[in-house]
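Structural overview for review
Residues per chain are reported as follows:
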Amino acid sequence: MKEEIVMKDLQFARHRRLRNSANMRALVRETHLHKEDLIYPIFFVEGENKRNAVQSMPGVYQVSLDLVNDEMQELVDLGIKSVLVFGVPAEKDEVGSQAYHDHGIVQKGIRQIKENFPELVVIADTCLCQYTDHGHCGIIEEGKVLNDPTLDLLARTAVSQARAGADVIAPSNMMDGFVAAIRHGLDEAGFEHIPVMSYAVKYASAFYGPFRDAAHSSPQFGDRKTYQMDPANRLEAMREAASDIEEGADFLIVKPALSYLDIMRDMKNNFNLPVVAYNVSGEYSMIKAAAQNGWINEKDIVLEKLTSMKRAGADLIITYHAKDVARWLTDK
Ligand code: PBG
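These notes cover the structure that comes with them. (Residues numbered from 1 in each chain as written. Predicted model: local features only at pLDDT ≥ 70, side-chain atom pairs only at ≥ 80, totals over all residues. Heavy atoms only, no water.)

1. Some points on the pattern of salt bridges
Enumeration according to the criterion identifies 16 salt bridges in this entry. Salt-bridge contacts for Arg163 lead to Asp102; the nearest nitrogen and oxygen are separated by 2.9 Å. Placement of Arg163 in helix H4 (residues 148-164) and of Asp102 in the loop between strand E4 (82-88) and helix H3 (105-116) is noted, with a sequence separation of 61 residues between them. Residues Arg183 and Asp250 are paired through a salt bridge, measuring 3.9 Å at the closest nitrogen-oxygen approach. Taken together, the positions of Arg183 in helix H5 (residues 178-188) and Asp250 in the loop between helix H7 (235-247) and strand E10 (251-255) put the pair 67 residues apart, joining distant regions of the chain. A relative accessible area of 13% means that Arg183 is categorised as buried. Where salt bridges share partners, they join Arg51, Glu71, Glu74, Lys288, Glu298, Lys323, Asp324 and Arg327 into one cluster. (Salt bridge = Lys/Arg side-chain N within 4 Å of Asp/Glu carboxyl O. Helix = DSSP H or I, 4+ residues; strand = E, 2+ residues; numbered from the N terminus. Buried < 20%, exposed > 50% of the residue type's maximum accessible area, 1.4 Å probe, protein only.)

2. Here's the deal with a positive patch on the surface
Among the surface-exposed residues, Arg14, Arg16, Arg17 and Arg19 lie close enough to one another that they form a single positively charged patch. Mapped onto the elements, Arg19 comes out in the segment before helix H1 (22-28). (Patch = residues over 30% accessible without salt bridge, like charges linked within 9 Å, V, L, I, M, F, W, Y side chains within 5 Å. Areas by Shrake-Rupley, 256 points an atom, 1.4 Å probe, with all protein chains shown as cover. Lys, Arg positive; Asp, Glu negative; His and termini not counted. Charge placed at Lys NZ, Arg CZ, Asp CG, Glu CD.)

3. Details of the site of the ligand
In the vicinity of the ligand there are 17 residues, among which Lys202, Arg212, Lys255, Ser281 and Tyr320 approach most closely. Side-chain polar atom of Arg212 to an oxygen atom of the ligand: 2.6 Å apart, as the coordinates give it. Interatomic distance of 2.9 Å between a side-chain N/O atom of Gln228 and an oxygen atom of the ligand. Protein coverage of the free-state accessible area of the ligand, which is 400 Å², stands at 100%. Judged by its atoms lying within 2 Å of the grid points, the ligand is housed in the largest cavity. Looking at the shell around the ligand residue by residue, the class counts come to nine nonpolar, three polar and five charged. (Near = heavy atom within 4 Å. Polar contact = N/O pair within 3.5 Å; in protein donor to acceptor, adjacent residues only side chain to side chain. 1 Å grid on protein atoms, 1.4 Å probe; cavity = no way out; pocket = protein on both sides within 12 Å on 5 of 7 lines; lining within 4 Å. Sits in = over half its atoms within 2 Å of the grid points. Nonpolar A, V, L, I, M, F, W, Y, C, P; charged D, E, K, R; others polar.)

4. Re empty space enclosed by the protein
Left-over empty space is what a probe sized like a water molecule reveals as it rolls over the atoms. Enumeration over the complete set of coordinates arrives at two cavities of 30 Å³ or more. Of the voids in this model, the largest cavity is the one considered here, and its volume is about 160 Å³. Elements supplying a minimum of two residues to the lining of the largest cavity: strand E9 (197-202) and helix H6 (209-215). Of the residues contributing to the lining of the largest cavity, the split by class is nine nonpolar, five polar and five charged. Considering only enclosed or pocket space, the second largest cavity measures out at about 50 Å³ in volume. Considering the residues around the second largest cavity, the lining is formed by Tyr40, Pro41, Ile42, Phe43, Val60, Tyr61, Val63 and Glu71. Among the secondary structure elements, those contributing two or more residues to the lining of the second largest cavity are strand E1 (38-45) and strand E3 (61-64). (Points joined across faces, edges and corners; volume = space filled by probe spheres on them.)

5. Describing the nonpolar core
Judged by nonpolar contacts, the single largest core of 82 residues is most densely connected at Val85, Ile113, Leu186, Val201, Met264 and Met267. Looking at which element gives the most residues to this core, the answer is H4, with seven residues. The contact partners of Met267, leaving out residues within four places of it in the chain, are Val201, Ala237, Met238, Ala241, Leu252, Val254 and Val275. With 25 residues, the next largest nonpolar core counts Val168, Phe211, Phe251 and Ile253 among its residues. (Core = buried A, V, L, I, M, F, W, Y, C linked by side-chain atoms within 4.5 Å. Contact = heavy atoms within 4.5 Å.)

6. Quick look at the packing of aromatic side chains
Scanning all chains against the criterion turns up eight aromatic pairs. A ring pair is formed by Phe43 and Phe86, whose centres lie 5.3 Å apart and whose planes are at 20 degrees; its orientation type is stacked. Remark: Phe86 occurs in strand E4 and Phe43 occurs in strand E1; sequence separation between them is 43 residues. When its relative accessible area of 2% is taken as the criterion, Phe86 is described as buried. By way of ring pairs, the aromatic residues Phe43, Phe86, Tyr199, Phe211, Tyr278, Tyr284 and Tyr320 are connected into one cluster. Taking NZ or CZ as reference, Lys255 lies 4.9 Å from the ring centre of Tyr278, over its face. (Phe/Tyr/Trp six-rings, centres within 6.5 Å; stacked < 30°, edge-to-face > 60°. Lys NZ or Arg CZ within 6 Å of the ring centre and 35° of its normal.)

7. Looking at unusual backbone geometry
The omega torsion of the bond from Lys255 to Pro256 falls at -10 degrees, within 30 degrees of zero and hence cis. In this fold, Pro256 is placed in the loop between E10 and helix H8 (261-270). Of note, the phi angle at Glu142 is positive, near 45 degrees, even though the residue is not glycine. Its place among the elements puts Glu142 in the loop between strand E6 (139-141) and strand E7 (144-146). With a phi angle near 50 degrees, His216 is a residue other than glycine that sits in the positive phi range.

Pasting the structure below:
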């Protein structure tokens, strides 16, 4: 017969007491995901009756403006309060002039949304890469992306988006001084009440690949490493955020999200602006692909990963999963 070991005087904590039942776990849960946290990105395309599926992003479409009202109604019905709008213009040129045209695709789309859904918070992505024929986020000279001459075009883009009715300007192009230039441009044009949601910390990431399919915005030569950040750097993120705040940013975006949770926490601990996680295209596509193969439980994985972003310090999350998440949160 085996002798039993007597555990009489063992001292240890009983953490499992607080995990005893679903209701007990709900009582002690520290992080919650709400519909109000979600921002849904949407791509506008010229033409009629278009709902072009983005191959690398199952469930994501480029939609023409005649179908946008239906799309917005669906979001409102689901309880989503905010959208981030991107344009896929019919024509591109060297200086991205469709980005700051009052009748550009994004300006038309914003006007339409605000006419029909005035309460939706419309955030305009302010960048040039979808609008330039070379696919870079700024003006090019001798193969280089010029910083200062680009600032004027960004300010013009932001002002035209605000004039169309955008509630928030979200500059994503990573030129130095872009927040200062946009803030100045908005103020001069009488839009001092419009906040800037800066892509303060934006890494040169391979996770943007599928987005570039959706927005037709791949650089035609080189890469974005002279303006987007090196994924190896953390202190640089602090410098980027600090200068954006000094220049007048109202929100700080960290992008991508999943591989940069430490940076989100740094933002939360060191600054006092709302932190926004951009759960980017590649992060979405990987989950979709695995789910379509039956390899993972999509719902559980998505909710876990978005919760991890909030736990890391994000207040808001820009995500292509927003509609699904809103549905799951309703069904809960
Ligand atoms: C525009 C822009 C990009 C994304 C958002 N705004 C692409 C890029 O910088 O190459 C990526 C979003 C995503 O991957 O979901 N500059």
